[in-house]
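A closer look at the structure
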Amino acid sequence: MHVPEQLRDAVVIGAGLAGLRAAVDLERAGCDVLVLEARDRIGGRAWSGVAEDGSTIDFGGQWLGPGQTRALALAEATGMEVFPTWVAGANVELREGERLEYSGLIPTADPDASIEVVTAMLDLDLLGLDVPVGAPWEHEDAALLDAETMATWLDRNLASPVSRGIVEVALQAVFGVNSDELSVLFVLAYLHGGGGLTNLTRTTGGAQERRMDAGAGALAAHLAKKLHGRIELDAPVDRIEWDATGVTVHVVGRSVPVTARRAVLALSPILAERIALDPEVPQRHALAAGMTMGRVRKVHARYARPFWRERGLSGQLISTNGSISSTFDNSPSDGTSGALVGFIAGRDYDATADLTDDARRNLVLDELACAFGPEARLATEYHEVDWPAEEWTGGGPVAVMQPGVLTRVGDALRRPIGPVHLAGTETALEWCGYLEGALESGERAAAEVVASLALTKGSEEG
Amino acid sequence: MASTDEIIEAYGEWQSRSNANDRLRKMLRGWDRVVIVETTDTHERLTITVVDQTLTDIVVGAPEMVDLVVTGTSEDFCDMFWGDLNPSEKYISGEIVIHGAQADVMRLDAMSMVAFLDQ
Ligand SMILES: Cc1cc2nc3c(=O)[nH]c(=O)nc-3n(C[C@H](O)[C@H](O)[C@H](O)COP(=O)(O)OP(=O)(O)OC[C@H]3O[C@@H](n4cnc5c(N)ncnc54)[C@H](O)[C@@H]3O)c2cc1C
């Protein structure tokens with residue numbers, strides 16, 4: 001067989017953690033690999049910058065928690081400090097203009113409502129355990145569960161508006177959307193893979209337990225270093241021609257395409273669908289059309305010192321009214337300066353999207369002042385990342401599924417399209433939506449490619 | 001360090017509170033389990049059985065077939081049973097460790113949150 005000179009073993013599209021993990025694994029397996037990245041930077045949703053005082057700011061993913069073995073090991077390999085999220089002190093709840101303090105996971109001002117929340121979260125977590133990992137459509141009630149939104153499930157299972165509000169905030173924090181945008185089956189599968197809603201919303205003992213001194217961007221940088229420059233930035237892919245033997249990948253504005261025996265699409269299914277495939281696979285459109293990227297604006301307010309700690313507050317806030325729905329203490333590990341991180345997500349994102357930057361900033365700082373004291377207005381630095389406005393991500397933290405998608409085209413999430421393999425946190429079996437899931441998916445896609453290349457080689461030789 | 005008698009006494013308080021708590025009992029529906037309490041400092045093993053939505057008396061020793069093993073210091077168990085300590089905080093910080101099927105661990109975790117919220 002004639003092999004053109006520039007034919008590579010594999011091309012990876014997307015230099016997020018999924019793509020970088022896949023590329024490193026492929027190179028380790030002896031493949032000649034190239035990564036194409038649309039942005040002028042690597043990392044995708046793992047993106048860190050530097051504050052004026054020199055400490056790290058994570059604009060996207062930032063926390064690690066127990067059970068996220070790949071991400072924790074990678075963080076350790078970078079040599080950076082991984083430290084516990086600050087939790088000492090009372091948490092604050094803002095509800096209908098009232099300010100309440102509480103300890104633990106669930107606001108406690110209304111014990112009846114709190115108990116309803118714990119019970120509903122347990123019910124969801126237990127239901128999730130019955131959803132087959134990797135094949136939710138095989139659940140015996142899959143059709144029923146996938147026909148319902150979380151909104152109607154909550155209507156049936158939560159009597160009080162207070163408990164309803166708390167669970168809505170939890171879903172908004174985890175998915176960046178509201179309950180009426182989520183299929184119950186999708187949520188249950190997601191919870192199963194992430195150890196449950198209780199686990200996903202917890203700080204200590206859960207998904208927000210630890211932070212990385214040098215940020216999630218350092219995870220991407222560590223992987224990229226192992227690729228010795230085999231990453232091309234500013235290389236948005238818009239079309240892939242494929243047949244059984246390989247792919248021809250077209251980059252916007254370049255006349256010479258990249259050819260390879262295999263491709264890994266390492267991005268959310270919604271972004272992946274914007275890349276035309278020739279021949280096309282209709283299922284991809286159905287999948288992308290039924291998915292929505294979460295809507296989240298990640299906000300950082302920085303201060304000379306973590307003043308809330310002096311008032312016995314943890315910096316954690318749950319708010320069922322206003323724009324910010326949750327905050328955490330995001331100060332550097334030595335506490336020499338203070339930082340609060342907050343999220344404006346789902347409906348709150350929509351409601352504040354049209355405000356001017358100044359108006360939104362004032363609104364946010366007012367809410368922080370309400371929760372933590374007037375000093376909150378005196379932020380020395382203020383950063384916002386509008387994830388839906390990010391062209392090459394389109395939202396965050398994750399792409400979610402509306403009813404009917406998983407049972408109809410869910411298997412298109414991971415099933416290779418000829419020589420095109422699919423990665424990205426949305427395709428992960430466990431920790432979908434998280435840094436850990438991105439790494440798992442990259443690892444899986446690389447293994448698929450290696451196995452299929454070995455097969456091809458075997459049949460060529462045989 | 002707390003003696004075994006002190007743990008048994010504190011448990012008695014927890015048991016009567018729990019058995020009088022309708023919300024907790026509702027969460028115990030269909031959940032008959034054998035739970036072992038194991039102290040890391042005094043190396044004691046005690047058995048609690050959940051039958052028909054009711055917590056039985058605690059007994060010294062452990063049978064061979066158990067569903068859940070909860071490990072912690074004798075002091076923490078005492079404080080938890082007296083209601084002075086939030087068991088869920090000790091659990092998430094890893095000072096109290098629960099071994100068992102994931103569903104059972106999730107339920108015990110949720111029940112301890114409810115018990116603490118409701119006291
Ligand atoms: C605000 C926010 C907070 C989060 N918080 C956490 C957290 O605390 N903990 C946690 O574990 N996770 C968190 N996440 C999620 C986590 O960041 C993601 O799960 C993970 O980074 C996804 O990695 P990925 O490689 O799958 O996708 P991405 O990071 O999205 O990578 C895809 C890459 O593909 C590139 N690309 C897109 N289109 C093209 C194209 N046509 N051609 C070439 N390249 C293209 C993109 O530029 C991008 O670099 C958060 C995410 C956000 C947005």
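All residue numbers refer to positions counted from 1 along the written sequence of the respective chain. A letter from A marks each chain and a number from 1 marks each ligand, given out in the order of writing. A pLDDT threshold of at least 70 governs which residues receive local features in this predicted model, and a stricter bar of 80 or more applies before side-chain atom pairs are shown or counted, although totals over entire chains, interfaces and linings include all residues. Calculation of side-chain values draws on the structure's entire complement of heavy atoms; hydrogens and water are dropped beforehand.

Brief notes about the packing of helix H3 (residues 111-129) of chain A against helix H5 (residues 150-157) of chain A
Residue and element names in this part refer to chain A. Viewed as axis vectors pointing N to C, H3 and H5 meet at an angle of 130°, and their least axial separation amounts to 11 Å. Classified by the angle their axes make, H3 and H5 are oblique. The handedness of the crossing between H3 and H5 is right-handed. Listed contacts from H5 to Glu116, Ala120, Asp123, Leu124 and Leu127 of H3 are Met150, Trp153 and Asn157. The classification used treats Ala, Val, Leu, Ile, Met, Phe, Trp, Tyr, Cys and Pro as nonpolar, Asp, Glu, Lys and Arg as charged, and all other residues, Gly among them, as polar. A breakdown of the residues in the contact of H3 with H5 according to their chemical character gives 5 nonpolar, 1 polar and 2 charged. To define axes, lines are fitted to C-alpha atoms, for helices over the stretch in contact only, and angles between the resulting N-to-C directions are given on a 0 to 180 degree scale. Secondary structure counts use DSSP, requiring at least four H or I residues in a row for a helix and at least two E residues in a row for a strand, with both numbered from the N terminus. With respect to orientation, any angle under 35 degrees is reported as roughly parallel, any angle over 145 as roughly antiparallel, any angle of 65 to 115 as roughly perpendicular, and every other angle as oblique. Should the near helix be turned anticlockwise from the far one by less than a right angle, the crossing is termed left-handed; should it be turned clockwise, right-handed. Contacts: residue pairs with any heavy atoms within 4.5 Å of one another.

Focus: the interface of chain A and chain B
At the interface, 20 residues of chain A touch 17 residues of chain B. Salt bridges are defined as contacts in which a side-chain nitrogen from Lys or Arg sits within 4 Å of a carboxyl oxygen from Asp or Glu. Linking chain A to chain B there are 2 salt bridges. The salt bridge partner of Arg23(B) is Asp112(A), with a shortest N-O separation of 2.3 Å. Counting of polar contacts relies on pairs of N or O atoms within 3.5 Å, with two restrictions inside protein: one atom must be capable of donating a hydrogen and the other of accepting it, and residues adjacent in sequence are counted only when both atoms are side-chain atoms. At the junction of chain A with chain B, the criterion picks out 2 residue pairs in polar contact (both at pLDDT 80 or more). The element contributing the most residues to the side of chain A that touches chain B is H3(A), with 9 residues. Grouping the amino acids of the side of chain A that touches chain B by side-chain chemistry returns 7 nonpolar, 9 polar and 4 charged.

What to know about the pattern of salt bridges
Residue and element names in this part refer to chain A. One pass over the full model with this rule turns up 39 salt bridges over all chains. Here glutamate 443 makes a salt bridge to arginine 70, at a shortest N to O gap of 3.0 Å. Taken as a pair, glutamate 443 in helix H16 (residues 435-461) and arginine 70 in helix H2 (residues 69-78) lie far apart in primary sequence, 373 residues in all. For every residue, the accessible area (1.4 Å probe, protein chains only) is compared with the maximum for its type, and the residue is labelled buried under 20%, exposed over 50%, or partly exposed between those bounds. When its relative accessible area of 29% is taken as the criterion, arginine 70 is described as partly exposed. A salt bridge links glutamate 181 to arginine 295; the shortest N-O distance between them is 2.8 Å. With glutamate 181 in the loop between helix H6 (161-175) and helix H7 (184-193) and arginine 295 in the loop between strand S15 (291-293) and strand S16 (296-303), this pair connects stretches of sequence that are 114 residues apart. We note that glutamate 181, like arginine 295, is buried. If you follow the salt bridges from partner to partner, you end up with Arg297, Asp357, Arg360, Glu384 and Asp386 in one network.

Looking at the site of the ligand
All names here are of chain A. Throughout this document, a residue counts as near a molecule or strand when at least one of its heavy atoms sits within 4 Å of that molecule or strand. Every one of the 37 residues lining the ligand counts as a neighbour, but Glu37, Arg45, Trp63, Thr425 and Leu435 are closest to it. Here an oxygen atom of the ligand and a backbone polar atom of alanine 18 are 2.9 Å apart. Here a nitrogen atom of the ligand and a backbone polar atom of alanine 38 are 3.1 Å apart. Only the protein chains shown count as covering a residue, and every accessible area follows the Shrake-Rupley method with a 1.4 Å probe. Surface burial for the ligand is 97%, taken as the share of its 1000 Å² of free accessible area covered by protein chains. Looking at the shell around the ligand residue by residue, the classes come out as 22 nonpolar, 11 polar and 4 charged.

Things to note about the packing of aromatic side chains
Residues and elements named next belong to chain A. Aromatic pairing here means that ring centres of Phe, Tyr or Trp (its six-membered ring) are within 6.5 Å. Orientation follows from the plane angle: under 30 degrees is stacked, over 60 is edge-to-face, and everything else is tilted. This structure, assessed with the given rule, holds 15 aromatic pairs over all chains. For the pair tyrosine 303 and tryptophan 308, a centre-to-centre distance of 5.9 Å together with 75° between the ring planes defines the contact as edge-to-face. Residue classification places tyrosine 303 among the buried positions, given a relative accessible area of 3%. We classify tryptophan 308 as buried; its relative accessible area is 0%. In this structure, arginine 41 is placed above the aromatic ring of tryptophan 47, and the distance from its NZ or CZ to the ring centre is 4.1 Å. Any Lys NZ or Arg CZ that is within 6 Å of a ring centre and within 35 degrees of that ring's normal is treated as a charge sitting over the ring.

As for H7(A)
Residue and element names in this part refer to chain A. Taking burial as the measure, the 10 residues of H7 include 9 buried ones, the bulk of the element. The opening residue of H7, the one whose side-chain oxygen lies 3.2 Å from the backbone nitrogen of leucine 185, is serine 183. Downstream of H7 by a residue or two, glycine 195 has a phi angle that is positive, lying close to 80°.

Description of unusual backbone geometry
In the segment running from Asp278(A) into Pro279(A), the intervening peptide bond is cis, with an omega of 5°. Mapped onto the elements, Pro279(A) comes out in the loop between strand S14 (276-278) and helix H11 (282-289). The linkage connecting Gly396(A) with the following residue, Pro397(A), adopts the cis geometry, with an omega of 0°. For Pro397(A), the position within the fold is in the loop between strand S20 (381-386) and strand S21 (399-401). Look at His228(A): it is not a glycine, yet its phi comes out positive at around 45°. Among the secondary structure elements, His228(A) is positioned in the loop between helix H9 (217-225) and strand S10 (231-232). The residue Asp52(B) is not glycine, and still its phi comes out positive at about 50°.

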